[in-house]
Amino acid sequence: ALDDLPSSNGSYATGTITSSLRRALGPLGALIHRGVTQTQPALPRLQLGQAAAAASDSPIAPTLVAHARRFIGMTLTPDEKTLDPPEGFTVLQEGKARILQRENDVFYNKAQVVNRDLSLSVMRQFQKVRGAEHAETKRAPKNRRLKGLMCVTPKDSKVLPHLMNPDEIEDMYRTKHDEPDGGDGDGDKKDEDEAPRTKPPLKPIRILEGMAASGLRAIRYARELDDVGCVVANDLDPTAVASIARNVEFNAKHSEAADAAVAKVVPSAGDVRMLMMTHEKMFDAVDLDPYGTPSTLLDGAVQTVADGGLLLVTATDMAVLCGNNGEVCWTKYGAYPHRAKYCHEQAVRILLGAIDAAAGRYKRHIVPVLSVSVDFYIRCFVRVYTSAAEAKLAPTKVSYVYQCVGCDTFESQPVGKAVRKGNSTKFQAGSGPAVPRSCPNCGWHYNMGGPFWTEPIHSMDWVQSIKKQVEDNKAMYPGYDKIHALLTTVSEELPDVPLHYDIHSMSHCLRVTPPPMALFRSALINAGYRVSPAHCNPLAVKTDAPAHVLWDILRCWVKEHPVKAIPEKTPGVAILAKEPELTANWTRVNGAFTKAQRDGVTRFPVNPTANWGPKMRAGRPMPGGGMEKQGMTK
């Protein structure tokens, strides 16, 4: 399908795709560059020559997109026929899913392919862990819910038959008057509570996508995941619900296998908050990807997910979470943000704290497995468990953060602490303040923000397993380059060190050229501290060294690379006025470079196309018009 594409000079092209064209084609170009064509050895790869430098403006680009999309579709779905879309619609294929689009009537953002690919990879790991846990444990899940007259699930719920079998539904609505012996209510309740609960068989996974839009993600879940019971694709917009049904029908026509898979997608119309609160602990995985903040959805989300289930939450209101509107962040998430270089990691930790606070109201708690900042949004993957004892530990997992207004120094102070004496645990308020009135490094005052989640934001076992699974199945992920780079940087992080420093920002405070990253990390390691990069900032230094050690190392650097005298008093002048207590050892060590750096693995790839970011809401006219601008085919 690709070897008949002529180059700009009319000759046929062979070899490899150039980097400029690869970037112009985005995730599609990455797939071609990686050699998806290796699955069909007879198919040569591409060489577009010097004209590829202007690939985005070249007339060959639309032709290449059309041919390549058809080829990739054949690779992922080799036994399926290609159908023409209805008049007025365009077709987008991502993974095994195809959706019909007409201008901007239903929201779609090509950049979110990374989000969808990452969600699929985490979901596969969740299914693997869920199966292993079910085989090992002997207890039944803690999925008790209100029953009888107290049951909040409507009997006419259209999704309920897809979530529970008829016997479970009958048992949920049974009241004392329905019992054959007509016993009194108290006796029945006592017998029910004391009856031994046997472990039920492991059901296929039940997924809720709360804001499905076109249904692309829901269809990918249904088609690309194994052992799926149902995928409830919900949206409040009637246009989106009609689009979901249309896309399910369109996918079903391509093959019998596709028909069987997408039959598990259940379109649902309504407010996702009501859907979640009326289906208590009925979903094994809940995916929330709103346009903006998820804050109003968290209360229902922690109620609808089953015990040990997976909650996937996206937030795109980064201006709020990163400190531009602190008062808005407080009203939405219950935390006050700092405007600091660690703002993107701060955003992740604010969202985690908000999810855990919502869970605590129902005697539940969260365990993060992967939490990342990507492009223009953050994405958190957490498991939700029911445990009153663990819920009481919530204040020990969040901290207030004191940020110096003059320099980059920050300190954290836990909100609460748990004091254990023998077999008893006493909960107390956290000790503080953690800092003096003025910063000991520069003399300026502190601002206090938070509380932020300060426990680990990743499970490194999960990260390593997900990374290996992604590497072994490259062709399944259209956004492979980006998610592999992301997982690589996450795997390098120190999991028990909250927030990070920015070496360039610290050097700017001193008006000095920053030292090479390898030298700075070597000096920290030689001083006896741990150090790592951070996935959300290529200039980040995540370390367990106290702030004064970092400033001492930079003071030593300034002694070897003097700066011009500054007449006015600044934080940098105050810092340099003090002699270093530690002498920096600049000897390079292996630990200064991560394994990925030593192996030449890309860690922070360039975005594949221009304007790779958030898109306008559905229903608004697109500038330039047409889905061809987004790389779609008619």
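Residues numbered from 1 in each chain as written. Predicted model: local features only at pLDDT ≥ 70, side-chain atom pairs only at ≥ 80, totals over all residues. Heavy atoms only, no water.

**Topic: the packing of helix H19 (residues 503–510) against helix H21 (residues 547–560)**
The angle between the axes and the distance between the axes are what describe a pair of packed helices. The geometry of H19 relative to H21 is characterised by a closest axis approach of 11 Å and an angle of 60 degrees between their N-to-C directions. Overall, the two elements H19 and H21 adopt an arrangement that is oblique. The hand of the H19/H21 crossing is right-handed. Two secondary-structure elements touch here, H19 through Ile503, Met506, Ser507, Cys509 and Leu510 and H21 through Leu550, Trp551, Leu554 and Val558. Of the residues in the contact of H19 with H21, the class split is eight nonpolar, one polar and no charged. (Axes fitted to C-alpha atoms, helices over the stretch in contact; angles between N-to-C directions. Helix = DSSP H or I, 4+ residues; strand = E, 2+ residues; numbered from the N terminus. Parallel < 35°, antiparallel > 145°, perpendicular 65-115°, else oblique. Left-handed = near helix turned anticlockwise from the far one by under 90°. Contact = heavy atoms within 4.5 Å. Nonpolar A, V, L, I, M, F, W, Y, C, P; charged D, E, K, R; others polar.)

**Section: the pairing of strand S12 (residues 416–421)**
Relative to strand S13 (residues 424–429), S12 runs antiparallel, the two being bridged by six bridges. Paired with Lys417 across the two strands is Gln428, which belongs to S13. What sits between the antiparallel neighbours S12 and S13 is a turn of two residues, in which Gly422 has the positive phi angle 65 degrees. (Pairing = 2+ DSSP bridges.)

**Structural notes on the sheet that holds strand S17 (residues 537–543)**
Reading across the sheet, the three strands line up as S15-S17-S16 and stay open at both edges, with antiparallel pairing between neighbours. Each having just a single partner strand, strand S15 (501–502) and strand S16 (531–534) make up the two edges of the open sheet. Relative to S17, S15 is paired through two bridges, and the arrangement is antiparallel. Following the sheet pairing, Tyr501 is matched in S17 by Val541.

**What about a nonpolar patch on the surface?**
Taken together, Leu146, Met150 and Val152 make up a surface patch of nonpolar side chains, about 270 Å² in accessible area. Tracing the backbone through its elements, the reader meets Val152 in the loop between helix H4 (113–136) and helix H5 (160–163). By relative accessible area, Val152 is classed as partly exposed at 40%. (Patch = residues over 30% accessible without salt bridge, like charges linked within 9 Å, V, L, I, M, F, W, Y side chains within 5 Å. Areas by Shrake-Rupley, 256 points an atom, 1.4 Å probe, with all protein chains shown as cover. Salt bridge = Lys/Arg side-chain N within 4 Å of Asp/Glu carboxyl O. Buried < 20%, exposed > 50% of the residue type's maximum accessible area, 1.4 Å probe, protein only.)

**Description of helix H14 (residues 326–333)**
Regarding H14, the residues found buried are Gly326, Cys329 and Tyr333. Projection of H14 onto a plane perpendicular to its axis shows the buried side chains occupying an angular sector of 55 degrees, all on one side. The inward-facing, buried residues of H14 contact strand S7 (305–315), helix H13 (318–321) and helix H15 (343–360). Once H14 ends, the next one or two residues include Gly334, with phi positive near 75 degrees. (Arc of directions from axis to C-beta.)

**Observations concerning the environment of Pro440**
For Pro440, the position within the fold is in the loop between S13 and strand S14 (446–453). A residue is classified by how much of its surface remains accessible, and Pro440, at 47% relative accessible area, is partly exposed. In this structure, the C-alpha to C-alpha distance between Pro440 and Thr409, residues 31 residues apart in sequence, is 9.3 Å. Those residues in contact with Pro440 that lie beyond four places of it in its chain are Tyr446 and Lys578.

**Topic: the confidence of the model for the protein chain**
Of all residues in the protein chain, 81% attain a pLDDT of 70 or more, and the chain-wide mean is 84. In this model residues 625–634 is a low-confidence stretch, pLDDT under 50, and it forms 28 contacts with partners more than four residues away in sequence or in other chains. (pLDDT = per-residue confidence, 0-100.)

**Notes on the environment of Ile466**
Inspection of the secondary structure assignment puts Ile466 in helix H17 (residues 460–472). Between the alpha carbons of Ile466 and His484 there is a distance of 9.6 Å; along the sequence they are 18 residues apart. Those residues in contact with Ile466 that sit more than four places away from it in its chain are Ser121, Val122, Gln125 and Leu487.

**Some remarks on the pattern of salt bridges**
Enumeration over the complete set of coordinates arrives at 29 salt bridges. When the shortest N-O distance is used, the salt bridge between Arg174 and Glu170 registers 4.0 Å. Given the relative accessible area of 30%, Arg174 is considered partly exposed. A single salt-bridge network, built from bridges that share partners, covers Glu94, Arg116, Asp117, Arg220 and Glu224.

**Some remarks on unusual backbone geometry**
Outside of glycine, negative phi angles account for most residues, and trans bonds account for most peptide bonds. Following Gly432, the chain continues into Pro433 via a peptide bond in cis, with omega recorded as 0 degrees. In this structure, Pro433 sits in the loop between S13 and S14. Residue Pro451 is reached from Gly450 by a cis peptide bond, and omega for that bond is 0 degrees. Tracing the sequence through the fold places Pro451 in strand S14. Its identity as a non-glycine residue notwithstanding, Ala213 has a phi of 55 degrees, on the positive side.

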